[in-house]
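Here's the letter readout for the chains.
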There are 2 protein chains.
Amino acid sequence: MSSTSRIHLNVFVPTTGHHEASWLHPGTRPERLTDIAYYRETAAIAERGRFDSLFLADQLAIGRSVKHVAQGKLEPLTLLSALAGATERIGLIATASTTYSEPYNLARQFASLDHISGGRAGWNIVTSWSAEAAGNFGLAQRNSHADRYRRATEYVEVVRKLWDSWEDDARRHDRTSGIYADTDRIHAIDHQGEAFRVRGPLDLPRPPQGHPVLVQAGSSDEGRAFAARYAEAIFTAQQELADAQAFYADVKSRAAGFGRDPDGIKILPGLSPILGSTEAEARRNEEELNDLTIPAVGLKHLSQRFDGFDFTVFPLDEPIPVEAFPRPATVQGAQSRSQVILDIVARERPTLRGLLRRLAGGRGHKVLAGTPAAIADHIQLWVEQRAADGFNIMPATVPAGLADFVDEVVPILRRRGLFRTEYAGRTLREHYGLVRPASRYARSA
Amino acid sequence: MSSTSRIHLNVFVPTTGHHEASWLHPGTRPERLTDIAYYRETAAIAERGRFDSLFLADQLAIGRSVKHVAQGKLEPLTLLSALAGATERIGLIATASTTYSEPYNLARQFASLDHISGGRAGWNIVTSWSAEAAGNFGLAQRNSHADRYRRATEYVEVVRKLWDSWEDDARRHDRTSGIYADTDRIHAIDHQGEAFRVRGPLDLPRPPQGHPVLVQAGSSDEGRAFAARYAEAIFTAQQELADAQAFYADVKSRAAGFGRDPDGIKILPGLSPILGSTEAEARRNEEELNDLTIPAVGLKHLSQRFDGFDFTVFPLDEPIPVEAFPRPATVQGAQSRSQVILDIVARERPTLRGLLRRLAGGRGHKVLAGTPAAIADHIQLWVEQRAADGFNIMPATVPAGLADFVDEVVPILRRRGLFRTEYAGRTLREHYGLVRPASRYARSA
Ligand SMILES: Cc1cc2nc3c(=O)[nH]c(=O)nc-3n(C[C@H](O)[C@H](O)[C@H](O)COP(=O)(O)O)c2cc1C
Ligand SMILES: Cc1cc2nc3c(=O)[nH]c(=O)nc-3n(C[C@H](O)[C@H](O)[C@H](O)COP(=O)(O)O)c2cc1C
């Protein structure tokens, strides 16, 4: 596709918003989390903005703070299959774990979603950092970070082989000869590995995109190595331009090291915009949300990020010492995110209460309160400075915050020639400007 | 619901039709198996006929005859999620295996489908008889029939606990008090069993139906015991009225033995109607389909039914001796179906070719060629004679054969006061006249 957009925008669809207290805000709809119409309306706003994709996270467990935090949304693969029929062009990215499922099951559900949506499916590959999830799948405790990534690597290999197992032109449905499919073009994969033995072929034809787009969000050393090898889009949490540039350069060069075109990986840092018609108004809007937070909720989230470490022993209104935190390298959950948090503490030296407010908006992702032009400036700067290929937009509130972004920021990006005014392609690969992979089993002509 | 229909109709949605050679017939669309619009159109015909439900089977592997048999349709849970938005009232039943998946994953996908469809989800619980499926999930061979049913029993217990884990009124989303959910009404299930350890709760609220409707199709002794305990609708393959009556009486009395209301299980034998305006024309239509069959395909299917036994050693045009078949009790795949086939052989003494043609239509299910009135008579007789509560309609061709049934047979059933003219309820439970279960965790008031 020549006419792909200069920048790419994904919307990370939350429950009621990415701000922890969003459900208490009048711009959200906490009573609609199991109502399909709510997601249809949200998707319609994003599609009206011509976003490349929308994305659903997945933890495989409820959080510990269901008393005070809106949760219990629909399951991603079923929800996106339902949204496929309610949308026309926007990409549909579901999170699914490699730790708690079988590759054959997942390969065919994503292949099916890709068929249902006419080539708009993407898979956010996660290894599930949540300790709660482990308890729902027979494990007394989470597997180690390294074990999870080792399994993930083999898992993705199996899934890609399965997607390739029917060549694109395997079906002939030729009534004259009685040949439904050309069995020379449907292949057993006979995978025999450490974690999986899978015979194949898949039980449905190759997805329209060849492979649904592979997305990843690991940022630890293992996570980056994995992403550099497989990912076609990367979600990442970055606070500072310099850190984001370093991450960008590192991942792109690692990808080149695997023989890949660095343009074949789109890097999308998280950005949670809070808009106002003046900077002062934007700040007030941010404070208004932060004032709704409940410290007990923030404390639990922070504790989860550090493998259950207890922060309640520290006074809320005193600066919290950097040395008090467990070292990120020992964290078995999401290593890179604990580092982001630690960097904030070292840089800003907040009180514990201040840190909780600071994290309530983006949980380590960049929160930016400002005018539409200031948000657009930030986006443009990061893209021009090779810190990003676009952004993972994380509205503080949904639908209100998403609609504001679409109506106020997107038009500025368009006027600056940065973002598409119309979809040029039909598939998610086309939106992101990604090559469609050939089947590994296809004979070269 | 007082106004439930006297009989119940499910349509078993196939690839191109239930006749093995259906894809070679002009009434089918073999090139559309991955086209969501094809399924939307099929569902619309069934909904126009006011069917209780539509149903998708699932084998977790392609059959061995992909060269000559249309296959490779969309995955059931994603497909039904997509169809939920394209339909209004019809129930949506997906097959899913208890042998090759984790109960937590399945529980939430069905719960999600139930939310998406407004209470129209059903689960056809299977243990996967296919030997090919085992190879896609790391097993050199299938688990034994008894082991599969033992695991299925524990699996269903876990899933039902998970569906109950949020009580119906657990969510409060009360902005004034800051209470999103009442944590006294969200329960860990702490299941510790032989095959599964699952902590819970589920990560989404209770399905609108409480539990999606449980459907089952096992007919062996173990299968019946399982169905009598859990199933709310049963698919079964019966050729003869007396056999169907015996099955009906047996399952209903077994259910009573579990303390259940026998009316809480709807028994739906398979019926593959082939219509004609005269009986002679119907027979010609059947012969036309049978003439399209390829003996090699039928031989492979027959062999699969008997754990790979090789039937090619017998001459095609001689009667095949009953003694030649393996005993059903030793069959590790679908025991009951092999018995149905053996009964046909004993009763009709066909040549091998004749048997293959005989099975090409319904694979052991009843195929009935006749006028619309004759089909309606059969349905009425079996229901009045307590052999069925309705039927699992298996059109020989789709869409043609399904549309014929809806346009020609359904009106007769209506005129006779047997079948609904309009949906009275909104949920699948209401269509079938089934009680909505309370959560096991709900405090009695
Ligand atoms: C935007 C974004 C979304 C994520 N969504 C999920 C998710 O839905 N489920 C999950 O288990 N992890 C999710 N993660 C966590 C990552 O998969 C990964 O565990 C985390 O970024 C830490 O990476 P690391 O384990 O390589 O340190 C997400 C991360 C980011 C940045
Ligand atoms: C109408 C009908 C549909 C069925 N669909 C499936 C299916 O989709 N997948 C599957 O593995 N088995 C399916 N079965 C097989 C049953 O689950 C069961 O294995 C079979 O009826 C034999 O029962 P038994 O194992 O108790 O003898 C189906 C059976 C019937 C009658």
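This is a predicted model, so every value here is computed, not measured.

Parameters and conventions
Residues numbered from 1 in each chain as written. Chains lettered and ligands numbered in written order. Predicted model: local features only at pLDDT ≥ 70, side-chain atom pairs only at ≥ 80, totals over all residues. Heavy atoms only, no water. Least-squares fit on C-alpha atoms with pLDDT ≥ 70 in both. Contact = heavy atoms within 4.5 Å. pLDDT = per-residue confidence, 0-100. Buried area = accessible area lost by both parts, 1.4 Å probe. Salt bridge = Lys/Arg side-chain N within 4 Å of Asp/Glu carboxyl O. Polar contact = N/O pair within 3.5 Å; in protein donor to acceptor, adjacent residues only side chain to side chain. Nonpolar A, V, L, I, M, F, W, Y, C, P; charged D, E, K, R; others polar. Axes fitted to C-alpha atoms, helices over the stretch in contact; angles between N-to-C directions. Helix = DSSP H or I, 4+ residues; strand = E, 2+ residues; numbered from the N terminus. Parallel < 35°, antiparallel > 145°, perpendicular 65-115°, else oblique. Left-handed = near helix turned anticlockwise from the far one by under 90°. Near = heavy atom within 4 Å. Areas by Shrake-Rupley, 256 points an atom, 1.4 Å probe, with all protein chains shown as cover. Pairing = 2+ DSSP bridges.

Just give me the short version of the relation of the copies chain A and chain B, but keep the residues and values in it.
The operation relating chain A to chain B is a screw motion whose rotation component is 180 degrees, with 0.0 Å of axial translation and a residual RMSD of 0.0 Å. Expressed as a symmetry operation, the mapping of one chain copy onto the other fits a two-fold axis. Closest to the rotation axis within chain A is the C-alpha of Ala 82 of chain A, separated from it by 2.2 Å. Looking at the interface residues of chain A, 100% of them are also at the interface in chain B, so both copies use one shared face.

Describe in detail the confidence of the model for chain A, supporting the description with residues and values.
For chain A, per-residue confidence averages 94 on the pLDDT scale, and 98% of positions sit at 70 or higher. At the level of chain-chain contacts, confidence expressed as ipTM amounts to 0.95, with global pTM at 0.96.

Let's hear about the interface of chain A and chain B: which residues, and what values?
Residue-level contacts link 69 residues of chain A with 69 residues of chain B. When the two sides are added together, the surface that chain A and chain B hide from each other amounts to roughly 5,700 Å², 57% of it contributed by carbon and sulfur. It is Asn 136, Arg 175 and Tyr 180 of chain A that lose the most area in chain A upon contact with chain B, and together they represent 13% of the buried surface on that side. If you look at where chain A meets chain B, you find 2 salt bridges. With a closest N to O distance of 2.5 Å, Arg 108 of chain A and Asp 58 of chain B form a salt bridge. At the boundary of chain A and chain B, one finds 37 residue pairs in polar contact (both at pLDDT 80 or more). Residue composition of the side of chain A that touches chain B, grouped by class: 32 nonpolar, 21 polar and 16 charged.

Describe in detail the packing of helix H3 (residues 103-116) of chain A against helix H5 (residues 145-164) of chain A, supporting the description with residues and values.
All names here are of chain A. Between H3 and H5, whose axes approach to 9 Å, the crossing angle comes to 50 degrees. In this view, H3 runs oblique relative to H5, as classed from their interaxial angle. Like other packed secondary-structure pairs, H3 and H5 cross with a definite hand, here right-handed. Contacts from Pro 103, Tyr 104, Leu 106, Ala 107, Phe 110 and Ala 111 in H3 reach Tyr 155, Val 158, Val 159, Leu 162 and Trp 163 in H5. Partitioned by chemical class, the residues of the contact of H3 with H5 number 11 nonpolar, no polar and no charged.

How would you explain the site of ligand 1 if you had to name every residue and give the values?
All names here are of chain A. Surrounding ligand 1, one finds 24 residues, the nearest of these being Asp 58, His 145, Tyr 149, Ala 217 and Ser 220. Contacts to ligand 1 include Trp 129, whose side-chain N or O atom sits 3.4 Å from a nitrogen atom. His 145 is positioned such that a nitrogen or oxygen atom in its side chain is 2.9 Å from an oxygen atom of ligand 1. Contact with the protein chains covers 97% of the free accessible surface of ligand 1, which is 610 Å². Counting residues per element, the ones that place at least two in the shell around ligand 1 are strand S4 (121-126), H5 and helix H10 (335-348). Split into classes, the residues belonging to the shell around ligand 1 amount to 9 nonpolar, 13 polar and 2 charged.

Help me get a handle on the pairing of strand S5 (residues 171-174) of chain B, residues and values and all.
All names here are of chain B. Where S5 meets strand S6 (residues 179-181), 2 bridges bridge the pair, whose relative direction is antiparallel. Pairing of Asp 174 across the sheet is with Ile 179, part of S6. Count of turn residues in the S5/S6 antiparallel hairpin: 4 residues, of which Gly 178 carries a positive phi of about 75 degrees.

A description of the pattern of salt bridges should follow, citing residues and the corresponding values.
All names here are of chain B. One pass over the structure, following the stated rule, counts 58 salt bridges over all chains. Across the pair Arg 206 and Asp 168 runs a salt bridge, and its minimum N-O distance is 3.1 Å. On the criterion of sequence distance, the pair formed by Arg 206 in the loop between strand S8 (197-198) and strand S9 (213-216) and Asp 168 in the loop between helix H5 (145-164) and S5 is long-range, its members being 38 residues apart. For Asp 389, the salt bridge goes to Lys 252, with nearest N and O atoms at 2.8 Å. With Asp 389 in the loop between helix H12 (372-384) and strand S13 (390-393) and Lys 252 in helix H7 (residues 241-257), this residue pair connects regions lying 137 residues apart in the sequence.

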